[in-house]
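Summary of structural features
Here are the chains, one letter per residue:
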Amino acid sequence: MRFLWVLVLSAVIAGCASARPQLRGPGEAERTQIDQALAPLIAASAICQGQERCPIGVGVIQLRRIDMAVGPHPPNKFGLTITSGALKDLPPSELQAALAHELGHVQLGHFDTRAERRQARAGEGGEDALRRHRVYDREEEFAADRYAVELLDRLPGGRGRGCPDMLLLLEHLDLEMTAPGWSNWLSTHPTPTARLQAIQSECGKKP
């Protein structure tokens, strides 16, 4: 299977990214780095099964903070934005774990549920409605983490690596919260600490 990379032309992706400066296309080295981490995940997830190409929109945000997001980007399978900080600071296994989490949002249908919530939110008001929507967002983050663990375990030779790789990623993100820029973390998202505790609990149940 071949990938068809296209530049994400506008910062419209409503995923995990909390800041949306101007996007640029990935450089050659960055494209290779993303492809090496993402290609095995695409194959293991069967997200483009039966297709000769798997078109994915890709954009890089020049930002020190580690962050990435996925969202609809027609006519491509999905669009991915990733910060230069994530490409610079995440080791290969953690970068792959983060991308596995983003694929979880794609595969679990979170694009559609987010669109439905936006429509519902337009017809509701008050803090109670906002709190209800935030709970759903948090649940999707936890679900995407669990999906990532399972997907990493399905990689060739990857059996048993899902839990440790996700735990290392979330520990890294937990430490990142002390860096400047985290004040803009989306209130709809659980903190890395909460996600870390949830995965620790899930992985503790595994034999």
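Note that the structure is predicted; figures quoted are calculated from it, not measured. (Residues numbered from 1 in each chain as written. Predicted model: local features only at pLDDT ≥ 70, side-chain atom pairs only at ≥ 80, totals over all residues. Heavy atoms only, no water.)

**Notes on the overall build of the chain**
- Along the chain, the regular secondary structure elements total seven helices and five strands.
- Secondary structure elements of the chain occur, N-terminal to C-terminal, as β-β-α-β-β-β-α-α-α-α-α-α.
- Looking at the chain residue by residue over its 207 residues, the buried ones come to 49%.
- Contacts in the chain between residues far apart in sequence, at least 24 positions, make up 68% of those at least 6 positions apart.
- Carbon and sulfur atoms make up 53% of the accessible area of the chain, which totals about 10300 Å². (Helix = DSSP H or I, 4+ residues; strand = E, 2+ residues; numbered from the N terminus. Buried < 20%, exposed > 50% of the residue type's maximum accessible area, 1.4 Å probe, protein only. Contact = heavy atoms within 4.5 Å. Areas by Shrake-Rupley, 256 points an atom, 1.4 Å probe, with all protein chains shown as cover.)

**A word on the pattern of salt bridges**
- Per the counting criterion, the structure on display carries five salt bridges.
- The salt bridge involving Asp 145 is made with Arg 195; its shortest N-O contact spans 2.7 Å. Of this pair, Asp 145 sits in helix α5 (residues 126–154) while Arg 195 sits in helix α7 (residues 192–204), placing them 50 residues apart in sequence.
- Overall, the relative accessible area of 1% leaves Asp 145 in the buried class.
- As a salt-bridge pair, Arg 161 and Asp 165 come within 2.7 Å of each other at their nearest N and O atoms. (Salt bridge = Lys/Arg side-chain N within 4 Å of Asp/Glu carboxyl O.)

**Quick look at the state of the cysteines**
- This model, assessed by the stated rule, comprises two disulfides.
- Between the sulfur atoms of Cys 163 and its disulfide partner Cys 203 the distance amounts to 2.1 Å. When the S-S torsion is -100 degrees, as for the bridge of Cys 163 with Cys 203, the disulfide is left-handed. Note that Cys 163 is positioned in helix α6 (residues 162–176) and Cys 203 in helix α7, a separation of 40 residues in sequence. (Disulfide = S-S within 2.5 Å.)

**A short note on the nonpolar core**
- With 43 residues, the main nonpolar core has Leu 41, Met 68, Phe 78, Leu 103 and Met 166 as its most contacted residues.
- Considering every element that reaches this core, the biggest residue donor is helix α3 (residues 92–107), with seven residues. (Core = buried A, V, L, I, M, F, W, Y, C linked by side-chain atoms within 4.5 Å.)

**Structural notes on the pairing of strand β3 (residues 53–61)**
- Of all nine residues in β3, eight are buried, a share of seventy percent or more.
- Bridge count for β3 against strand β5 (residues 78–83) is six bridges, and the pairing is parallel. Note that in β5 the partner of Gly 57 across the bridge is Gly 79. (Pairing = 2+ DSSP bridges.)

**Considering the environment of Asp 67**
- Within the secondary structure layout, Asp 67 lies in the loop between β3 and β4 (68–71).
- Its relative accessible area of 7% is what places Asp 67 among the buried residues.
- Spatially, the C-alpha atoms of Asp 67 and Ala 98 are 8.9 Å apart, while their sequence positions differ by 31 residues.

**A few points about helix α1 (residues 28–45)**
- Counted at 1.5 Å a residue, the expected span for α1 with its 18 residues is 26 Å, and the 25 Å between its end C-alpha atoms agrees.
- Considering bend angle alone, the principal kink of α1 is centred on Leu 38 and spans about 30 degrees; proline Pro 40 follows within four residues of it.
- Where α1 is concerned, the buried positions are Glu 30, Ile 34, Ala 37, Leu 38, Leu 41, Ile 42 and Ser 45.
- Two residues or fewer past α1, Ala 46 is found with a positive phi of approximately 60 degrees. (Expected span 1.5 Å × (residues − 1). Bend = angle between axes of the 7 residues up to and from the residue.)

**What to know about unusual backbone geometry**
- Geometrically, the link from Pro 74 to Pro 75 is a cis peptide bond, its omega value of 5 degrees lying close to zero.
- Turning to its location among the elements, Pro 75 is positioned in the loop between β4 and β5.
- The backbone of Ala 46 shows a phi angle near 60 degrees, a positive value even though the residue is not glycine.
- Note that Ala 46 resides in the loop between α1 and β3.

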